[in-house]
Structures are given as structure tokens and as C-alpha cells.
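Fold and contact review
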Amino acid sequence: MNFTLGGRDLSTLSFSDPDREALTAAVQRLESPGLVARLAALAGKPVGLIQSALPATASTAVAKLAKRALERALDVALFSLQNRSIIGGRTLHSGLACASGAIGGAFGLAALAVELPVSTTIMLRAIAAIAQEEGEDLADPRTGLACLEVFALGGPRDEDSAEADYFVVRAMLARGLADFAIDKGAIGESAPVLVRFLTQIASRFGVIVSQKVAAQAVAVVGAVGGAAVNLAFIEHFQDLARGHFTVRRLERVYGVNAVRSEYDRIKSDSTRPHDDH
């Protein structure tokens, strides 16, 4: 499908220099190494040690807690973000997340049931603030769902899998919502379409939460370490959000096809070996 403006095909428009720079920055954010590599550097431990630090039973428990945290975030996304400005920038939200992360650092896995819903809601509000800065309408419930998508974008990145691709993940999440009319007066988080949507996000978000908990287990000394891990955690998702909503903003200007084509070109150029001669 081509998009037109004043009779012009937007897919043929050239990107302005500022918009191309913004898209390049978005590609860097969305294609950067996953959180586990960042946490491994923070911990001073090999990536494999963090990935194997939690027993299977703990990982299962974390997955359930992650889904519950997202269920709470869904309610915030659909109803509490609307018709308001999000007060506070990156520094405030990061500070709040560090404070909640200190609980996890001090008390470990047992505190996750308390800490994770709090930190997830803080992250959602930070993501919503970025969405608003990039021109999204928080009064539209679909913007809230786009904010929740960020938690899936932070999921596992198997480079041999199609699900490592940013646009593939977006398409997977959008497929179930394509024909779904969101009515604030009629919808609830138990709606079957939203349950499936949330389950898809939770399956990826739970992996990242497990990595965070594992990093706290192997890396840190008490509350200070918990705060440091949570800072990396929230900043990871804020970076993804900035990339995600930059792409969406440019899609509104140039069209989906043009943005994806330019995105893929930038991504390819960034991974191609350069001849220094």
C-alpha cells in the first residue's frame, strides 16, 4: 500500500537529513546487543554465567510474575495514560526504577512479586513519555498498546531467528489486533484478543526479567547492586522505546514501506565490513 500526500507518493520521498539521522539512531538503539550483554558487562561476568544462573523452577516463577506485572501495566496503558501529560523525564523515571530495584537487590527473588509490578509500571510511564515526545496521542488506546510492545522488543535476540527482526516482532504483535476495535467503555483486560497480545509480550519480557534477576544474583552486593541492575534494565527499555517511536513517527511522514527500506539499508551498512584503504 502506498501513502500519498497532495498527490505525491510518500514512498518515493527522500528523507531529510535530520530524519535520516534520527532513523540511524533508532536503528542503533533497536539493533544493539540485548540486555544480557549489558548486564554481563555490569556484573563483570561471562554472558553464559548470567544466562544459566537461575534454575528452571525459578525461571518459571519469574515468567508468571512477569505476566502479572504486564497485566497491571495493560490496565495502566489502556486507561490511565489517556488525556494527560506524563510528568518527569528519563532521569526521574530511572531514579524511581533504581529505588524499586533496590528492593530486589536487598531481598532477592522473594521481593520480585512486589518490585516487578512497580518497576514495570514506572517503565511504562517512561515509555509513554517518550511516545508523547515523538508525537503519539496518549488519548488513543492503541498508543498504550504500542507502549506495551516495547517490552516485547526487549526480548531474546537469536540472530539466526526471524524473531530477532524488529519489524517481524511488530508484525507478530499487530496481527492479532488488526481488526480489533478498542472501546474504552467496553474493553477489559480479559478480552481474548488482549489476552493473546499480552501472552506474546510476556513470553519475551519474561526472558529479560529472568536475565535481570540472574544478574542480581551473580553480580551484586545488596541494595546498591539491585539499583544498578534496575538502572540498566529501565535504560534498555527507554532506548528501545526511543527507537520504536522514532520509527513510528517517521512512518507517519514517509510511509511504512519507505521507512522499512531505509531502516534495512542503514542496518545493512552498519554491519558491512568497511575498507579502510
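Residues numbered from 1 in each chain as written. Predicted model: local features only at pLDDT ≥ 70, side-chain atom pairs only at ≥ 80, totals over all residues. Heavy atoms only, no water.

Another aspect to go through is the overall build of the protein. A count of helices and strands for the protein gives eleven helices and two strands. Helices and strands in the protein line up, N terminus first, as β-β-α-α-α-α-α-α-α-α-α-α-α. Residue burial in the protein is summarised as follows: out of 277 residues, 47% are buried. Counting contacts in the protein only where the partners sit at least 6 residues apart, residues at least 24 apart contribute 81% of the total. Carbon and sulfur atoms make up 56% of the accessible area of the protein, which amounts to about 13,000 Å² in all. (Helix = DSSP H or I, 4+ residues; strand = E, 2+ residues; numbered from the N terminus. Buried < 20%, exposed > 50% of the residue type's maximum accessible area, 1.4 Å probe, protein only. Contact = heavy atoms within 4.5 Å. Areas by Shrake-Rupley, 256 points an atom, 1.4 Å probe, with all protein chains shown as cover.)

The biggest cluster of nonpolar side chains holds 69 residues, and the ones touching the most others in it are L23, L148, F151, F205, V209, F237 and V247. Those residues within four positions of L148 in sequence are excluded, and the remaining contacts are L70, A73, L74, A77, L124, F197, L198 and I201. (Core = buried A, V, L, I, M, F, W, Y, C linked by side-chain atoms within 4.5 Å.)

Below, the discussion takes up the packing of helix α4 (residues 56-80) against helix α7 (residues 141-153). Contact pair α4 / α7: the axes reach a minimum separation of 8 Å and the direction vectors enclose 150°. Relative to α7, α4 is oriented roughly antiparallel. Here the hand of the crossing between α4 and α7 comes out right-handed. Counted together, L70, A73, L74, A77 and L78 of α4 and P141, G144, L145, L148 and F151 of α7 form the full contact between these two elements. In the contact of α4 with α7, the residues fall into nine nonpolar, one polar and no charged. (Axes fitted to C-alpha atoms, helices over the stretch in contact; angles between N-to-C directions. Parallel < 35°, antiparallel > 145°, perpendicular 65-115°, else oblique. Left-handed = near helix turned anticlockwise from the far one by under 90°. Nonpolar A, V, L, I, M, F, W, Y, C, P; charged D, E, K, R; others polar.)

Attention now goes to the packing of aromatic side chains. With the rule as written, the count across this model stands at nine aromatic pairs. Seen in terms of ring centroids, F167 and Y263 are 5.0 Å apart; in terms of plane orientation they differ by 85°. Their pairing is edge-to-face. With a gap of 96 residues between them, F167 in helix α8 (residues 166-175) and Y263 in helix α11 (residues 256-271) connect regions that are remote in the sequence. Each member of the pair, F167 together with Y263, is buried. (Phe/Tyr/Trp six-rings, centres within 6.5 Å; stacked < 30°, edge-to-face > 60°.)

What follows deals with the environment of R175. The topology assignment puts R175 in helix α8. Considering only alpha carbons, one finds R175 and F197, 22 residues apart in sequence, at a separation of 9.3 Å.

Our next topic: the pattern of salt bridges. Inspection of every chain in the model, using the stated rule, returns 17 salt bridges. Note that E262 and R20 form a salt bridge whose closest N and O atoms lie 3.0 Å from each other. With E262 in helix α11 and R20 in helix α1 (residues 17-30), this residue pair connects regions lying 242 residues apart in the sequence. If you follow the salt bridges from partner to partner, you end up with D17, R20, E262, R265 and D269 in one network. (Salt bridge = Lys/Arg side-chain N within 4 Å of Asp/Glu carboxyl O.)

On to α11. Its 16 residues place the ends of α11 23 Å apart at the C-alpha level, agreeing with the 22 Å of an ideal helix rising 1.5 Å per residue. Listed as buried for α11 are A258, V259, E262, Y263 and I266. Projection of α11 onto a plane perpendicular to its axis shows the buried side chains occupying an angular sector of 130°, all on one side. (Expected span 1.5 Å × (residues − 1). Arc of directions from axis to C-beta.)

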